[in-house]
Amino acid sequence: MADEVVVKTDLLIVGAGPAGASLACFLAAHGRKGILIAAAPGTAETPRAHITNMAGLECLRDIGLEQDCLEVATPSHNMAHTRWCRSMAGEEFARVYSWGHDPKHKGDYEAASPCDHVDLPQTLLEPILTKRAIHEGWTLWFNTKLIGLTRPSPDLVISEVLDELTQKTYKIHSRYLFGCDGARSQVVRELKIPLIKKPGQGLALNVLVKADMSHFIANRIGNLHWVFRPEDMNTPPWGWATIVRMVRPWNEWMFIFLPAPGADLTADAMDATNEEYLERVKEFIGDDSVKVELLHSSKWWINEIVAEYYSDGNIFCLGDAVHRHPPFNGLGSNTCIQDAFNLAWKIDYVMSGKAGPQLLESFSKERQPVGVDIITRANQGLRDHSQWQQTMGILETDEAKRLEILAEFDDQGEKGHKRRRAFQEAIENTTTEFHGLGIEMNQRYESDAVYLTDQGPPPVLPKGACKVKTHQITTYPGRRLPHVWLNKRLPTKPISTIDLAGHGRFCLLTGPGGQQWKDAARSVSVSTGVEVVAYSIGWKQDFEDVYFDWAKKREVDENGCVLVRPDRFVAWRSRSMNADPEKKLEEVMRTILAL
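- Under an unreviewed UniProt entry, the protein chain has the name FAD-binding domain-containing protein and belongs to Chaetomium globosum.

Below you can see the structure in the form of C-alpha cells.
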C-alpha cells in the first residue's frame, strides 16, 4: 500500500523489561542504537523481581550503572535474614542468615565479587535502564505491540506492530530482532521455538501493600518472611500461607500468598475481594495498630519452562521469553541481564566486522544450558520448603493429627527431641535458596567462542561440595574471571580484576616474565582489528598482587596468561610462555571470533 508506514533500523528489541532494557544499554555502550518497543504503557508498575545479585550487578557495573542502582536499592544489611513466624509482629519459629550474611559464608561472598547483593525492585531498576538507553540514542515506544513478523531474506526481519494508542499498524525493518517480551512472548510463538515444560506448581497471588512495620522490625530484620499459622485448618484457598517480602524498608511489602501444596486451584479460585485480601494481610501482620493500604493484586503461574534454543538466524530471544520460573534463589532479572550481557558484545563485533557471523551461534549454546539450570534450581528452591511444612504438620488435613504433631514440639522427651531436630534439619535444607553462590556465579560456557583445544578436563567441585552453594573459583576457559583486589606499588584505590576486564574489549592478564604476551596482544590487536588490552600482575608489574590472591587463583604460571572476553568470561589460557606467543594468540582470537 502506498500509505504504509515503514520504519528502518538495524536493531529492534521487543520488550523493555530487565532483559530488553539492559540489552539496549549494553548495545549502547558499544555505540549501537536502535528501537525498543513494549506493549506495556510504561515501566513496571509492581515490584516483581527484586534481588539483584553480584553476577547481575557486575554486568551493570561494566557500563557504569552500578552506582545508579545502589543509590535507590535497599542495601545488603537489610537482607540479613529469612524468617518463619506466626505473624510479622508475633512469635518466630526459625530464622536463617541469607544472601551472604551467614558468618560461615560471608568470606566466600566477599571473595566472589567486588559487588554486593542488593534489593532492587523492578519498579526502580527498569527506569534506570530505560533512561540510560534513551540518553544513549535509543528510541523507546511504549503501548506498541508486536503482531507478527516475516523474514524475506537472512539479513532482514519485517515486524508488524500495532500502536495501541492510535490503533494504527506499521512495519519495522531490522537487521536483527530481539525477543525480550516476557513469559507470553510473541516472538517465541512466531518462531515456534519448542518449550521444555515440566509440571507447574500451581498459582500464586501477589498482594502489594503499604504498611509501616518499622516499629517492630528492628529485631526482625530481613527481606523475606514465611508467615503461617500451623494450627489453622480454615484458611482461604488462595491464602494458606504467605511469603512477606520487603519492597521498601519498612513500609512497602509484597504478600505472596500460596495455596496449600497439591491444591489444584483454578485462576477463579484465587479470586477474592480487596477486603478479603486486606483481612488476610492484617491477620498475618498481627498488629491491629498497623494501617494497611492495598496497592495492587495479581496472580501468576509457578512455571518450570525453558526454550530448547534461544536463537534462529538473526532473531534472538532472551529473558523470561525463554526461561520461566518462580522467584526462589532470586535468579530472575539477574539471568535476564546476563543473557543480554552475553549477547551484546557479540552483536557489536559481528556488525563491525570484528567477528564472523558464526560467533552469534554461541549465544544459545552458552545461555540455554544456564537457563535449564536456573529454572530447575528455582523450582527446587520452592520444593525444598515442603520438608519443614511436613515436619510442622501443616500439610496434614486431619485436624486431630495436626494438633498431635504440634504438641510434639513441646514434648520434653525423645518424641519432642526428634520432632524439633527434624524441623531444624528441614529449615537448614532451605538454605540452598539463600546461600546459592554457586548457582549465581558458576555459569560455564561451552561453545566455539571458548578455546578448549589445548586445555585438559574442566575442574570438578570438591567431593561433598554443594554445587548450588559452592562458588568454584577457576580460570578454566568458559568460566567467570575470578575477582581479586589489586593495587599499585605505592598503594592507591584498589581495583578488581573484574574492572580490568570487560568494557567491550578482550583483556589479557599475565605476570613477571610475560612481556611477550603483552607484545603479542599489541600485535594481534593490529592484525585482527580487535582491541586486546594487556596487564601484568605481580612483583613490580602494572598491578601488585598485594594479597597474593591472584597467584592462588590464576592457575597458570607467572609467565602464562589468561585471555578474557568482553563479557568477563575466560576465553583461553596458557599455563606458561608459548614458543610463539603472537602466533598462538592470533590463532586463538581468530578461532573464537570466527575470523
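From this point, the discussion proceeds with the structure in view.
**Quick word on the overall build of the protein chain**
At step 1: A tally of helices and strands in the protein chain yields 19 helices and 26 strands.
At step 2: The C-alpha atoms of the protein chain give a radius of gyration of 26 Å, which matches the 25 Å a tight globule of 595 residues would have.
At step 3: Along the three orthogonal principal directions, the C-alpha set of the protein chain runs to about 80 × 70 × 40 Å.
At step 4: Put simply, the protein chain has 595 residues, and 57% of those count as buried.
At step 5: For the protein chain, long-range pairs separated by at least 24 residues make up 74% of all intrachain contacts whose partners lie at least 6 apart in sequence.
At step 6: Summed over its atoms, the accessible surface of the protein chain is roughly 24,600 Å², and 49% of this surface lies on carbon and sulfur atoms.

**Let's talk about the pairing of strand 15 (residues 252-258)**
At step 1: Here strand 15 lies mainly inside the structure; seven of its seven residues are buried.
At step 2: Neither face of strand 15 is exposed, since Glu252, Met254, Ile256 and Leu258 on one face and Trp253, Phe255 and Phe257 on the opposite face are all buried.
At step 3: Of the strand pairs in this sheet, strand 12 (residues 203-211) and strand 15 are connected by six bridges, and their pairing is antiparallel. The residue of strand 15 that forms the bridge with Leu205 is Phe257.
At step 4: As paired elements, strand 14 (residues 241-248) and strand 15 share seven bridges and run antiparallel to each other. Counterpart to Ile243 in the pairing with strand 15 is Ile256.
At step 5: As consecutive antiparallel partners, strand 14 and strand 15 are separated by three residues.

**Some details on the sheet that holds strand 13 (residues 224-227)**
At step 1: The sheet built from seven strands is open, its strands ordered 5-4-13-14-15-12-16 with mixed pairing. Because the sheet does not close on itself, it has two edges, and the strands there are strand 5 (92-97) and strand 16 (292-301). Between one strand axis and the next, the sheet turns through 20 degrees on average, direction left out of account.

**Quick word on the nonpolar core**
At step 1: Counting 98 residues, the largest nonpolar core has Phe178, Ile347, Phe506, Leu563 and Leu593 as its most contacted members.
At step 2: Considering each element in turn, this core owes the most residues, eleven residues, to helix 9 (residues 332-351).
At step 3: Each of domain 1 (6-77 + 117-196 + 304-360) and domain 4 (448-593) gives at least three residues to this core.
At step 4: Beyond its immediate stretch of four places on either side in the chain, Phe178 contacts Leu11, Leu12, Ile13, Val14, Leu23, Phe316, Leu318, Leu343 and Ile347.
At step 5: Grouped together as the second largest cluster of nonpolar side chains are 31 residues, Leu224, Phe228, Met254 and Phe423 included.

**With respect to the environment of Gly313**
At step 1: Summarising the element assignment, Gly313 is placed in the loop between strand 18 (311-312) and strand 19 (315-317).
At step 2: By relative accessible area, which is 58% here, Gly313 ends up exposed.
At step 3: Separated by 144 residues in sequence, Gly313 and Thr169 place their C-alpha atoms 25 Å apart.

**Digging into the pattern of salt bridges**
At step 1: Evaluated as defined, the whole model comprises 32 salt bridges.
At step 2: Its salt-bridge partner being Arg573, residue Glu555 comes within 2.8 Å of it at the nearest N-O pair. Of this pair, Glu555 sits in the loop between helix 18 (549-553) and strand 25 (561-564) while Arg573 sits in strand 26 (residues 570-574), placing them 18 residues apart in sequence.
At step 3: Each member of the salt-bridge network shares a partner with another, and the members are Lys346, Glu366, Arg565 and Asp567.

**Concerning the sheet that holds strand 20 (residues 323-324)**
At step 1: The sheet built from three strands is open, its strands ordered 11-17-20 with antiparallel pairing. Both outer strands of the open sheet, strand 11 (195-197) and strand 20, are each paired with one neighbouring strand and no more.
At step 2: Strand direction decides the pairing type here: strand 17 (residues 305-307) and strand 20, joined by two bridges, are antiparallel. Residue pairing across strands places Val306 opposite His323, the latter belonging to strand 20.
At step 3: The strands that helix 10 (residues 361-383) touches are strand 11, strand 17 and strand 20; relative to strand 17, the one it contacts most, it runs at about 175 degrees.

**A short note on the environment of Cys336**
At step 1: Within the fold, Cys336 resides in helix 9.
At step 2: Distance in space between the C-alpha atoms of Cys336 and Gly381 is 19 Å, their sequence separation being 45 residues.
At step 3: When sequence neighbours within four positions are dropped, the list of residues in contact with Cys336 reads Pro18, Ala19, Ser22, Gly319, Asp320 and His323.

**Digging into the side chain of Gln122**
At step 1: Looking at the element boundaries, Gln122 is found in helix 5 (residues 122-135).
At step 2: Given a relative accessible area of 8%, Gln122 falls into the buried group.
At step 3: A polar side-chain atom of Gln122 sits 2.7 Å from a polar atom in the side chain of Glu126.
At step 4: Filtering out sequence-adjacent residues up to four positions away, Gln122 remains in contact with Pro18, Ala44, Thr46, Pro47, Arg48, Ala49 and Pro127.

**So, unusual backbone geometry**
Across the chain, the bulk of peptide bonds are trans and the bulk of non-glycine residues have phi less than zero.
At step 1: The omega angle of the peptide bond from Pro249 to Trp250 is -15 degrees, so this bond is cis rather than trans.
At step 2: The backbone of Asn143 sits at a positive phi, close to 55 degrees, despite the residue not being glycine.
At step 3: Locating Asn143 in the fold gives a position in the loop between strand 7 (139-141) and strand 8 (144-153).
At step 4: Owing to a relative accessible area of 18%, Asn143 belongs among the buried residues under this scheme.

**Re the domain arrangement of the protein chain**
At step 1: Here the protein chain is partitioned into domain 1 (6-77 + 117-196 + 304-360), domain 2 (200-303), domain 3 (378-441) and domain 4 (448-593).
At step 2: For domain 3 versus domain 4, the distance between C-alpha centres works out to 45 Å.
At step 3: Between domain 3 and domain 4, the contact holds nine residues from the first and seven residues from the second.
At step 4: Of the roughly 670 Å² buried between domain 3 and domain 4, counting both surfaces, carbon and sulfur atoms make up 62%.
At step 5: Area buried by domain 3 at its contact with domain 4 is led by Thr432, Gly438 and Met441, which between them contribute 58% of it.
At step 6: At the junction of domain 3 and domain 4, the tally comes to zero salt bridges.

What counts and what doesn't
- Within every chain, residues take consecutive numbers counted from 1 along the sequence as written.
- Local features in this predicted model are restricted to residues of pLDDT 70 or higher, and side-chain atom pairs are both shown and tallied only at a pLDDT of 80 or more, whereas totals for entire chains, interfaces and linings draw on every residue.
- Derived side-chain values reflect all non-hydrogen atoms in the structure, with water molecules and hydrogen atoms excluded from consideration.
- Labels follow the DSSP assignment, with helices taken as runs of H or I lasting at least four residues and strands as runs of E lasting at least two, numbered in each case from the N terminus.
- It is over C-alpha atoms that the radius of gyration is taken, and the globule rule equals 2.2 Å times the number of residues to the power 0.38.
- Think of it in three bands: with a 1.4 Å probe and only protein chains considered, a residue is buried below 20% of the maximum accessible area for its type, exposed above 50%, and partly exposed in between.
- Residue contacts follow a heavy-atom distance rule, with two residues in contact if any of their heavy atoms lie within 4.5 Å.
- A 1.4 Å probe and the Shrake-Rupley method give the accessible areas. Residues count as covered only by the protein chains that appear here.
- Whether two strands pair comes down to DSSP finding at least two bridges between them.
- Only the stretch in contact is used when a helix axis is fitted, and all axes are lines through C-alpha atoms; the angle between N-to-C directions ranges over 0 to 180 degrees.
- What makes a nonpolar core is a set of buried Ala, Val, Leu, Ile, Met, Phe, Trp, Tyr and Cys residues whose side-chain atoms join them at distances within 4.5 Å.
- For each domain, the first and last residues come from an automatic or database assignment.
- By salt bridge we mean one thing: a side-chain nitrogen of Lys or Arg within 4 Å of a carboxyl oxygen of Asp or Glu.
- Identification of polar contacts relies on pairs of N or O atoms within 3.5 Å, with a donor-acceptor requirement for protein atoms, meaning one able to donate a hydrogen and the other able to accept it, and with residues adjacent in sequence counted only if both atoms are side-chain atoms.
- When two components associate, each loses some accessible surface as probed by a 1.4 Å sphere; the sum of these losses over both components is called the buried area.

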